[in-house]
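Report on the structure
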Amino acid sequence: MGDYEELLKRGMKGVPSRETEVDRFEMPMFRVQKSGSRSVLVNFSEVADALRRDRKHLMKFLLKELATSGEAKGTCLEVQGVFSTDAVNKKLEKYVDSYVKCPECGKHDTNLVKEKGFFLLKCEVCGARESVGRV
Ligand SMILES: [Zn+2]
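Throughout what follows, the structure given in this document is the object of discussion. (Residues numbered from 1 in each chain as written. Predicted model: local features only at pLDDT ≥ 70, side-chain atom pairs only at ≥ 80, totals over all residues. Heavy atoms only, no water.)

Focus: the overall build of the protein
A count of helical and extended segments in the protein gives 4 helices and 7 strands. Taken from the N to the C terminus, the helices and strands of the protein come in the order α-β-β-α-α-β-β-α-β-β-β. Burial statistics for the protein: of 135 residues in total, 32% are counted as buried. Of all intrachain contacts in the protein linking residues separated by at least 6 positions in sequence, the fraction that spans at least 24 positions is 49%. (Helix = DSSP H or I, 4+ residues; strand = E, 2+ residues; numbered from the N terminus. Buried < 20%, exposed > 50% of the residue type's maximum accessible area, 1.4 Å probe, protein only. Contact = heavy atoms within 4.5 Å.)

Okay, structure coming up:
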């Protein structure tokens, strides 16, 4: 019986504990291509889907932050002006901080819902409900 317990202990060693488990969230990144005097976020809809956010909401935020105009074309977002990949992704980080990341537990498994004209960030992990400003 002692040997069996020893084996069991040894077997357990390779199993990572819950504490060391990392956040499953992977920050999506925009791929930006220059097109004349415009910049095209070629994987725009993919990023919005990965964040589980409304494309229009994300688009509105980006256009405001970049102080430009633009329009969705298929799965891309085309904006006026030349922006570097870095510059656009910095804005995306800001968006994630404001509208995706739970302010209570820091997880990204959240939903953005509109309630009585307000936007609420609801966390699926800890149940926090935070009102967030309009874009
Ligand atoms: Zn939370």
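Some points on the packing of aromatic side chains
A complete count under the given rule lists 4 aromatic pairs for this structure. Plain terms: the ring middles of Phe30 and Phe44 are 6.1 Å apart, the flat faces sit at 15° to each other, and that makes the pair stacked. Taken together, the residues Phe30 in the loop between α1 (2–13) and β1 (32–35) and Phe44 in helix α2 (residues 44–50) connect sequence positions 14 residues apart. The pair formed by Phe30 and Phe44 is uniform in burial state, with each residue classed as buried. (Phe/Tyr/Trp six-rings, centres within 6.5 Å; stacked < 30°, edge-to-face > 60°.)

Concerning the nonpolar core
Core analysis: the biggest nonpolar cluster contains 25 residues, and Phe30, Leu41, Phe44, Leu58 and Leu62 have the highest contact counts within it. Here this core spans two domains, since at least three of its residues come from each of domain 1 (26–100) and domain 2 (104–135). Ignoring anything within four residues of it in the chain, the contact list for Leu58 reads Phe30, Phe44, Val47, Ala48, Leu92 and Tyr95. (Core = buried A, V, L, I, M, F, W, Y, C linked by side-chain atoms within 4.5 Å. Domains from an automatic or database assignment.)

Quick look at the sheet that holds β1
Two pairing modes exist for strands in a sheet, parallel and antiparallel, and in both the strands are linked by backbone hydrogen bonds. Spatially, the 4 strands line up as an open sheet ordered β1-β2-β4-β3, and their pairing is antiparallel. The strands lining the two open edges of the sheet, one partner per strand, are β1 and β3 (70–73). On average, each strand axis in the sheet is tilted by 25° relative to the strand beside it, whichever way the strands run. Relative to strand β4 (residues 76–80), β3 runs antiparallel, the two sharing 4 bridges. Of the residues in β4, the one forming a bridge with Glu71 is Glu78. (Pairing = 2+ DSSP bridges. Axes fitted to C-alpha atoms, helices over the stretch in contact; angles between N-to-C directions.)

With respect to the coordination of the zinc ion
Coordination sphere of the zinc ion, protein contribution only: Cys102 (SG), Cys105 (SG), Cys123 (SG) and Cys126 (SG), at 2.3 Å. Metal-centred angles of 106 to 115° between the 4 donor atoms at the zinc ion mark the site as tetrahedral. For Cys126, a relative accessible area of 40% translates into the label partly exposed. (Donors = N, O, S within 2.8 Å, 3.2 Å for Na, K, Ca; no water. Tetrahedral: all angles 85-135°; square planar, octahedral: opposite > 155°, others 65-115°.)

Concerning a positive patch on the surface
Where like charges cluster on the molecular surface, the positive patch consists of Lys60, Lys64, Lys114 and Arg134. With respect to the element layout, Arg134 can be found in the segment after β7 (129–132). You can call Arg134 exposed: its relative accessible area is 61%. (Patch = residues over 30% accessible without salt bridge, like charges linked within 9 Å, V, L, I, M, F, W, Y side chains within 5 Å. Areas by Shrake-Rupley, 256 points an atom, 1.4 Å probe, with all protein chains shown as cover. Salt bridge = Lys/Arg side-chain N within 4 Å of Asp/Glu carboxyl O. Lys, Arg positive; Asp, Glu negative; His and termini not counted. Charge placed at Lys NZ, Arg CZ, Asp CG, Glu CD.)

Some words on the environment of Leu62
In this structure, Leu62 sits in helix α3 (residues 55–65). Taking the relative accessible area as the measure of exposure, Leu62 reaches 1% and is therefore buried. Separated by 17 residues in the primary sequence, Leu62 and Val79 have C-alpha atoms spaced 9.4 Å apart. Not counting residues up to four positions away in its chain, the partners in contact with Leu62 are Phe30, Leu41, Phe44, Leu77, Lys91 and Leu92.

Considering helix α4 (residues 85–99)
Its 15 residues give α4 an end-to-end C-alpha distance of 21 Å, which sits within 8% of 21 Å, the value for a rise of 1.5 Å per residue. Every buried residue of α4 is accounted for by Val88, Asn89, Leu92, Tyr95, Val96 and Tyr99. The arc that holds the buried residues of α4, viewed along the axis, is 105°, so those residues lie on one side. Along α4, exposed side chains directed more than 90 degrees from the buried face belong to Asp86, Lys90 and Asp97. (Expected span 1.5 Å × (residues − 1). Arc of directions from axis to C-beta.)

These figures capture arrangement, not role.
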